[in-house]
Amino acid sequence: MFRNYVKTSLDLNEFNKKIKDAPEGQRYCNAFCQKYMNNDEFYDGKANCKECYNQLIKARKMIDNNQLTAEQFKEDPTLVPREKTVIPVYRTCITCEEELTLDKFEATRKECIQCRKNKKKINYEDQFKKYKEGIEEVKTDITALSNLLKAMSVDLLKLVVRAKCYHLK
Ligand SMILES: [Zn+2]
Ligand SMILES: [Zn+2]
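**Examining the nonpolar core**
Ranked by internal contacts, the top residues of the largest apolar core, which has 15 residues, are Ala31, Cys52 and Leu56. Among the elements of the structure, β1 (26–29) and α2 (50–64) are those that each provide at least two residues to this core. Element by element, the count of residues in this core is highest for α2, at five residues.

Here you go:
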């Protein structure tokens, strides 16, 4: 979403390459810095460092309020000052109904990252229970078992593998 505002952003392919080659404990800021920086200079799950992120949030707010156009900001990002501190822009999570700062949300989500994580976990556990029964039923029939495993998502497979490992102990 921010890519529209930042001329220097790498495209997804190039950025993925940077992520793959990242030195231990470092991440790549894909906004104005365009370099590797320490993990603690980033908010969780963000592809830009905190300073860039704060600047972008502020810019978006100014664009929303017609104080600035996206084109102006794109041409000259210094129109919006950089700040180290979190700008308190809040959004209310539709699930836990808590008012949280924007860094607790993925860009376009109305549900906070934590709630989404919790939900995903619950879903996988539910699905896993169903599959587990199926696996028990067909475990002596290799063809049926491999068909069943093929139909599962990677995350579910991880749970199965983990469960089987515990089983062996
Ligand atoms: Zn940055
Ligand atoms: Zn929430």
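From this point, the narrative continues.
**Points about the packing of helix α4 (residues 113–138) against helix α5 (residues 142–150)**
Following both chains from N to C, one finds α4 and α5 inclined at 160 degrees, their axes separated by 9 Å at the closest point. By the criterion of interaxial angle, the relationship of α4 to α5 is roughly antiparallel. The chirality of how α4 crosses α5 is left-handed. On α5, the residues touching Gly134, Ile135 and Val138 of α4 are Ala144, Leu145 and Leu148. Tallied by class, the residues present in the contact of α4 with α5 amount to five nonpolar, one polar and no charged.

**Quick notes on the domain arrangement of the protein**
According to the domain assignment, the protein consists of domain 1 (2–82) and domain 2 (116–168). Taking the mean C-alpha position of each, domain 1 and domain 2 sit 39 Å from one another.

Procedures and definitions
- Residues numbered from 1 in each chain as written.
- Chains lettered and ligands numbered in written order.
- Predicted model: local features only at pLDDT ≥ 70, side-chain atom pairs only at ≥ 80, totals over all residues.
- Core = buried A, V, L, I, M, F, W, Y, C linked by C-beta atoms within 7 Å.
- Buried ≥ 20, exposed ≤ 12 C-beta atoms within 10 Å, placed from the backbone.
- Helix = DSSP H or I, 4+ residues; strand = E, 2+ residues; numbered from the N terminus.
- Axes fitted to C-alpha atoms, helices over the stretch in contact; angles between N-to-C directions.
- Parallel < 35°, antiparallel > 145°, perpendicular 65-115°, else oblique.
- Left-handed = near helix turned anticlockwise from the far one by under 90°.
- Contact = placed C-beta atoms within 7 Å.
- Nonpolar A, V, L, I, M, F, W, Y, C, P; charged D, E, K, R; others polar.
- Domains from an automatic or database assignment.

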